[in-house]
Amino acid sequence: MRHASSLRYVIVWLSLMGLALLSFLLSGTHHGAFDIVFALVIALAKTTLVALFFMELIEHRFINTMVVLVSAGLITLLLSLTVADIVTRHTFPRGPVPTTPQAATR
Amino acid sequence: MHEGPLHPQFEDLERQRDAARLGMWAFLGSEALLFTGLFVLYAAYRTLYPDAFAAAASLNDRALGTINTFILLTSSFTVALSVHEVRLGRARRSALLLLASILLGFVFLGVKLTEYAEHFREGIFPGPSYRYEGLRGFGPRIFFTLYFLMTGLHALHVIAGMGMLAWVMVGAWQHRYSPLYHTPLELGALYWHLVDVIWIFLWPCLYLMHA
Amino acid sequence: MNETLRRLLFLPLQRSTVAYEIDRLHYFVISVTLVGSVLVFLLATIFTIRYRHPPEEPATPNVQAGYHSPAILLEIVILAGLLLLFLTWWVIGSRQFVRLRVAPDDALEVYVTAKQWMWKFAYPNGKRAISTMYVPARRPIKLIMTSRDVIHSFYVPDFRIKQDVVPGRYTTVWFQTTEPGTYQILCAEYCGTAHSAMRGEVIALEPSDYERWLAERPFESGPAGEAYVEPYTPEEGPRPQMINLVNEGQRAAAEHGCLRCHSTDGSAHIGPTWGGLFGSTVPLAGERQTIADEAYITQSMMDPTAKIHRGYLPVMPTFLGRIRPTETAAIVEFIKSLRNVPRQGPEGEDPGPVQGRITP
Amino acid sequence: MTSGTYEADLVGVPETHAPTDVGLDYLRADRGIRSWLLTTDHKRIGLMFYIVVIFALILGGIFALLLRTELLTPERTVMDAVTYNRMFTLHGVTMIWLFMIPAIPNVFGNFVLPIMLGAKDLAFPRLNLASFYVYLLGCVVTLGAMIWGGADTGWTFYVPYSTTSQSAVVPIVLGIFIFGISSIMTAVNFIVTTHTMRSANLSWFRLPLFVWALYGTSVIMLLATPVLGLSVIVVALDRAFQLGIFDPALGGDPVLFQHLFWFYSHPAVYIMILPAQGVMSEVVCTFSRRQPASYGAIAMSSLGIALVGFGTWGHHMFVAGMSEFDANVFGVLSMFVAIFSAIKVFTWVATMHRGSIHFNTPMLYFFWFLFLFVFGGMTGVAVATESLDVHWHDTYFVVAHFHFIMVGGTLTGFLAAVHYWFPKMFGRLYSERMGLLTSFAVFTGFVLTFFPQFLLGNAGMPRRYYSYPARYQWLNVLSTGGAWLLGGALVLTLGNLLVALFWGKRATANPWGSRGYEWMTPVLPPKTNFASTPFIGRGPYDYDRPEEAAHA
Ligand code: HEA
Ligand code: HEA
Ligand code: CUA
Ligand SMILES: [Cu+2]
């Protein structure tokens, strides 16, 4: 297996730094709900770069990519269904603060 | 140029290397799910206390967080280069690059510690000891408990990663690895990149999405 | 038909408006389960007999592989049918579920507080009750529930309703009884030592009786409201009988031997006196303290060593499983009624244990 | 076709080779206690797991019998409430983490997986040994905690009870964390082995079905276990430092813990059933002397269960205060995951069609499995029906559901495996008559124990109840009687096997006339399984080939 020149790593590194800078700058100004979207999209882009080039998924056997895809799918599942519960719960006022033994000793 | 040991259960070196890589990837998947537990708590509580979380995130120093991001990205880069170098047969250079990565790891931890120290000085502690007057209520307290859990667990991984890199650095320096055999170095690098990737997500969650 | 199936399956009475409907789905699902598993088992048995290995043949005969496509087709059809069946259950079940969760607008609201190990009820007019909830029959009732400590679950088998009661937030459940009667409440989420003793009752009264009950003096200002005490057992059938809770508590305390160790007049004894106990601040072993509220008193009966009154020996036996939940509530009411009895220690403090009588 | 062709297919495998080719068998290859304790031989590690796992089963069984004895009468019978509550927690923890999760994968998976792949060992033999010791450490920690006083939270550790309970919760959850590490190690090893250690020519679709089941199991172990580890560690930290992450008094949401816990624990139930299903696939093909009716269907539904199973955790939380929306999503996904199990069941039954059925003990266990798993599974679908679960949740109906699957399914699968691979593991034959008899007794005891619990649940008796209203008594008495019978039957089963272990008839290499790869090794496989890497030229269920040919 012969490898690309070190130039490739430099390019990836520079793009990563660029993306990080972009993310930082974007966070200085506010875009409402898009704050989160921008931040996450950029984070995903960076992850893809790291995984493909630094971690060399692009050259490894496909099964390694498969591990990443399955994990990512499960992470999304766990995050989305848990958050969905909170978002769609009946909006009762939060209850009175209970007096658990723990709280009592504080 | 040596090819590394072939363990008796394997038929050839290529399979042995594939096995090691896949094993590492599987382990990384497992690690990712470990962190996901905390990310789920973060996401859920952020949904419950959106404003408090945003306000609490502003208490983190965005500049320091960003510097740390640059540091980790760069250390990932040097680690990737070191794998590249060993493949070109320049093991000493590879070892030096690893040394650079480890040093960057120390810098990262140092920055993290100053941040912790600053927080403690202000009274921002995890759990019930939280007593920062500027921001009270449930939300900020949960935010910072999660902040310490997430960055703490991440720091543990940074330390573990540095240990691994140090191990392979010694190996590289002693020419234990060759272009044909450098699996341990590759695995150490993979682990370090995972540490980087996790930080890539911690950083926006804990620093950027602020009020 | 309904009645036969209900008895066959050991289901409780159907005493809420939704119970019958849910049971119908229950019959459907359970009969498919039974028939399905028996069919599968029978089929396997038939194959075993039909295709038994003939003893005279070699152990591993040459069995041909080929499968006829009709068989595969059949399997696909059966599977599709099964999925359709499951999805039908889901559709019916989830619609019923949403109905169970969303109370009608005109429902009467009762506030429920759960704590280890008792149920407390509060009515919009300020009236309160412990362990026994009175409601008008045939009217939708919405319970707005929260917990003071850990998670509990409000469960009335006769109504087919259950809802976890979570600390820190409100959950709701609703029901509408079909006729007056007494229905058991069980705690269905494990909540500690006396989880299984955390029972109570719903008493559905004729609306007119309910109005009368509601108009009586609110529970906490007087000695006590009136309560129906006998625990409900279906074999006995309802035996409505109104008893004064405080008197019942006194009787129960005597019967279970509490008064061998506890005085009611504020004087010293083996255990702390009950005079003036309720609402007082109790010093606990280990430099802690607590307020003597219903929860503390209940806990003292069920798990006496959990919190030890400072200066006393931990000799009180647990009464968990020995006193009925309604008696628990009655004893609590009895102790409450003694809240103004002066204590005979210095400065009206707790007089401390009697000396020289360590073992009861 | 001549037998010569097939001889070439299985180079290095057949018994016709002189023993010197392959060395001594694995039991005799090395001697001395060190050669066992420090072995990296997957077969020996499997046996070490075997011993510990059986002790765990007996311990959990003793707890169960004590529980049942207490439930003979509505109030106190032999123990007080505090003890009872600790007892069911210990029973659950022991049965799940000490016994069931490692039982089939780590004992039988370890033993036969490399052989089935034509490999000399697992990809990481030392990791395998480490997995055993980590598991042992977990046992020591948990058992220590039990002696310490045990926890009284139930195996589910729901907060805020678990963060406030006065019992030894921390050491128990620490033990569980350690078990988690062991699980992950095994999972990595199995996944990598299946991918990279297959002998040349052994394509994915020639893998024995047991391997597919283990593969699915490993995927779940790998990706679900860390979430459990995290949630129990948070509980432990919470207790140690009062972090209050889930503490409602500090604004926390206890239901979130349930999400995390069940994200592991629902998939974990498939960790428990998939290997048993794998065993059943082997058993039914061997004893019907028949190819599986559809190999692809069984193999793919193992993966289907593993993946879709991740999306159904919320069905444990219908009444927990979760939103209706989530309840509906989890409800429908539960319906889909059930279909994969149905596919397997139908395929097994179809496999028997036109087979040549031998009625040995493993096959009898397959029969019990078929009935109990289908019934238990269908009651799973019943409790996944949201409105019905409202009545059933946390009643004995649920207890009956999961014992039907875990005892009637997994334990039965374990027992089938115990008998099926007994000749291969120990080179002896057990008494078939006693095997069949004890199997009948196990089934009778089982049904008597757990069928009444369905009715108890219908009648509304909640679980984790130390005392119960008197109207439930007679069903409880039945159940307790059944439990004693079941316990006795299991002791007899064990006795039969122990007798066989020492005095049983010597077995031949392939007493069942199976075509599975593992049966092509000598009576007792040699230490490295094969002299040289075998070339596997046929499928594991090729019963349509002449005996001599397949056997070489
Ligand atoms: C090995 C363990 C195991 C397995 C495999 C399963 C399998 C399933 N389980 Fe079970 N379950 C548990 C162990 C298991 N469960 C445990 C331990 C608990 C309690 C946890 C606790 O609270 O302590 C529990 C609780 C539990 C609940 C929560 C109940 C409650 O607390 O209120 C639910 C709800 O949906 C559920 C559903 C299911 C479903 C849909 C399946 C499905 O996967 C079943 C699929 C199988 C089939 C469907 C059978 C095959 C069908 C056929 C062949 C068709 C038959 C033919 C005809 C009908 C014609 N389970
Ligand atoms: C693998 C899982 C498993 C197994 C096998 C069992 C087996 C049994 N269980 Fe268990 N049970 C659980 C998992 C399991 N259970 C779980 C998870 C819970 C929930 C806990 C909680 O609420 O937190 C539970 C709860 C539970 C309860 C409810 C307690 C309550 O809610 O109050 C009851 C009550 O009857 C019960 C009874 C039994 C009985 C009688 C057996 C019998 O089948 C036991 C019979 C076994 C023996 C007596 C051992 C003898 C064995 C041998 C001699 C070895 C043989 C070996 C070979 C042949 C190789 N169990
Ligand atoms: Cu309250 Cu159980
Ligand atoms: Cu489940």
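About the thresholds
- Residues numbered from 1 in each chain as written.
- Chains lettered and ligands numbered in written order.
- Predicted model: local features only at pLDDT ≥ 70, side-chain atom pairs only at ≥ 80, totals over all residues.
- Heavy atoms only, no water.
- Helix = DSSP H or I, 4+ residues; strand = E, 2+ residues; numbered from the N terminus.
- Buried < 20%, exposed > 50% of the residue type's maximum accessible area, 1.4 Å probe, protein only.
- Contact = heavy atoms within 4.5 Å.
- Areas by Shrake-Rupley, 256 points an atom, 1.4 Å probe, with all protein chains shown as cover.
- Pairing = 2+ DSSP bridges.
- Salt bridge = Lys/Arg side-chain N within 4 Å of Asp/Glu carboxyl O.
- Near = heavy atom within 4 Å.
- Polar contact = N/O pair within 3.5 Å; in protein donor to acceptor, adjacent residues only side chain to side chain.
- Donors = N, O, S within 2.8 Å, 3.2 Å for Na, K, Ca; no water.
- Axes fitted to C-alpha atoms, helices over the stretch in contact; angles between N-to-C directions.
- Expected span 1.5 Å × (residues − 1).
- Bend = angle between axes of the 7 residues up to and from the residue.
- Buried area = accessible area lost by both parts, 1.4 Å probe.
- pLDDT = per-residue confidence, 0-100.
- Patch = residues over 30% accessible without salt bridge, like charges linked within 9 Å, V, L, I, M, F, W, Y side chains within 5 Å.

Looking only at helices and strands, chain A features 4 helices and 0 strands. In chain A, the succession of helices and strands from N to C terminus is α-α-α-α. Taken across its 106 residues, chain A has 39% of its residues classed as buried. By sequence separation, contacts in chain A at least 24 residues apart represent 63% of the contacts at least 6 residues apart. A total of about 5500 Å² of accessible surface is found on chain A, and carbon and sulfur atoms cover 77% of it.

Attention now moves to the pairing of strand S1 (residues 108–115) of chain C. Residue and element names in this part refer to chain C. Bridge count between S1 and strand S5 (residues 140–147): 7 bridges; the pairing is parallel. The residue of S5 that forms the bridge with Glu 109 is Lys 142. The sheet contact formed by S1 and strand S2 (residues 118–122) spans 5 bridges and is antiparallel. When the bridges of S2 are listed, Tyr 111 appears paired with Ala 122. The hairpin formed by S1 and S2 contains 2 residues between the paired strands.

Turning our attention to the pattern of salt bridges. A side chain of one charge can pair with a side chain of the opposite charge when the charged atoms of the two come close. Under the defined criterion, the tally for this structure stands at 24 salt bridges over all chains. Residues joined by salt bridges that share partners form a network here, namely Glu56(A), Arg21(B), Arg87(B) and Glu186(B).

This part takes up the site of ligand 2. Residue and element names in this part refer to chain D. Near ligand 2 you find 35 residues, and of these Tyr 84, His 91, Met 100, His 403 and Arg 464 are the closest. Between Gln 453 and ligand 2, the recorded distance is 3.2 Å, taken from a side-chain N or O atom to an oxygen atom. Within the contact set of ligand 2, an oxygen atom lies 3.2 Å away from a side-chain nitrogen or oxygen of Arg 463. Elements with a minimum of two residues in the shell around ligand 2: helix H4 (42–70), helix H5 (81–117), helix H15 (396–420), helix H17 (432–459) and helix H18 (473–503).

All names here are of chain D. Looking at the metal site, the copper ion (ligand 4) is ligated by His 266 (ND1), His 315 (NE2) and His 316 (NE2), spaced 1.8 to 2.1 Å from it. The distance between the copper ion (ligand 4) and the iron atom of ligand 1 comes to 4.2 Å. One end of the pair, His 266, is in helix H10 (residues 254–288); the other, His 316, is in the loop between helix H11 (295–308) and helix H12 (324–352), and 50 residues separate them in sequence.

This part is about the sheet that holds strand S8 (residues 171–176) of chain C. Across a sheet, strands are paired by hydrogen bonds formed along the backbone, either parallel or antiparallel in direction. All names here are of chain C. Taken together, 5 strands build an open sheet; the order of strands is S3-S2-S1-S5-S8 and the sheet is mixed. The open sheet is flanked by strand S3 (128–130) and S8, the only strands paired with a single partner. Taken over all neighbouring pairs, the strand axes of this sheet differ in orientation by 25° on average, direction set aside. Against the sheet, helix H6 (residues 294–302) makes contact with S1, S2 and S3, and its axis sits at roughly 155° relative to S2, the strand it touches most.

On to the site of ligand 1. Close to ligand 1 lie 31 residues; Trp155(D), Tyr270(D), Asp389(D), His393(D) and His401(D) are nearest. With respect to ligand 1, its neighbouring residues span chains C and D. Trp155(D) places a side-chain nitrogen or oxygen 2.8 Å from an oxygen atom of ligand 1. Separating an oxygen atom of ligand 1 from a side-chain N or O atom of Arg463(D) is a distance of 2.8 Å.

When you line up the elements, Pro204(B) lands in helix H6 (residues 183–208). The class for Pro204(B) is buried, based on a relative accessible area of 1%. Counting along the chain gives 139 residues from Pro204(B) to Gly65(B), while the straight-line C-alpha distance between them is 9.1 Å. With residues up to four places along the chain from it excluded, the contact list for Pro204(B) reads Ala39(A), Ala43(A), Trp199(B) and Met209(B).

A few words on helix H9 (residues 209–241) of chain D. All names here are of chain D. For H9, spanning 33 residues, the distance from its first C-alpha to its last is 47 Å, which sits close to the expected 48 Å at 1.5 Å a residue. Of all the bends in H9, the greatest, near 35°, is centred on Ala 224, and the proline Pro 226 appears no more than four residues after it. Just past H9, the residue Gln 242 takes up positive phi, approximately 50°.

Turning to the interface of chain C and chain D, a few remarks are in order. Contacts between chain C and chain D engage 86 residues on the former and 100 residues on the latter. When the two sides are added together, the surface that chain C and chain D hide from each other amounts to roughly 7800 Å², 66% of it contributed by carbon and sulfur. Our count for the contact surface shared by chain C and chain D stands at 1 salt bridge. For the salt bridge of Arg101(C) with Glu324(D), the shortest nitrogen-to-oxygen distance reads 3.0 Å.

Moving on to the side chain of Ser281(D). Assignment of secondary structure puts Ser281(D) in helix H10. Every residue in contact with Ser281(D), bar those within four places of it in the chain, is listed here: Leu209(D), Ile298(D) and Trp348(D).

The next subject is the confidence of the model for chain C. All names here are of chain C. Chain-level pLDDT for chain C is 80 on average; 84% of the residues reach the 70-or-more range. Model confidence for chain C, summarised as mean pLDDT per element, is weakest for strand S11 (residues 226–228) at 31 and strongest for strand S6 (residues 152–156) at 96. Low pLDDT (under 50) marks residues 219–243, which in the prediction has 55 contacts with non-local residues, meaning those over four places away or in another chain. Note on residues 355–360: pLDDT under 50 across the span, and 7 contacts to partners over four residues away in sequence or across chains.

Residue and element names in this part refer to chain C. Mapped onto the elements, Ser 263 comes out in the loop between helix H5 (245–255) and strand S13 (281–284). At 2.8 Å, the side chain of Ser 263 and the side chain of Thr 273 are in polar contact. Leaving out residues up to four positions away in the same chain, Ser 263 has contacts with His 269, Thr 273, Trp 274 and Gly 275.

Turning to the arrangement of the chains, a few remarks are in order. Looking across the 5 pairs of chains in contact, one finds the most contacts between chains C and D. The closest approach of any C-alpha atom in chain B to one in chain C is 12 Å; the two make no contact.

To continue, consider a nonpolar patch on the surface. Taken together, the side chains of Leu34(C), Val35(C), Val38(C), Leu39(C), Leu42(C) and Ile46(C) present a nonpolar region at the surface, about 510 Å² in accessible area. Tracing the chain through its elements places Val35(C) in helix H2 (residues 19–50).

Here we come to the sheet that holds strand S10 (residues 200–205) of chain C. Residue and element names in this part refer to chain C. The 5 strands are arranged S4-S10-S9-S6-S7 in an open sheet whose pairing can be described as mixed. Because the sheet does not close on itself, it has two edges, and the strands there are strand S4 (132–136) and strand S7 (161–165). Going across the sheet, the axis of each strand differs from the next one's by a mean of 25°, ignoring polarity. Bridge count for strand S9 (residues 181–187) against S10 is 5 bridges, and the pairing is antiparallel. Counted as the bridge partner of Ile 185 is Gly 200 from S10. Against the sheet, helix H4 (residues 207–215) engages S4 and S10, with an angle of about 130° to S4.

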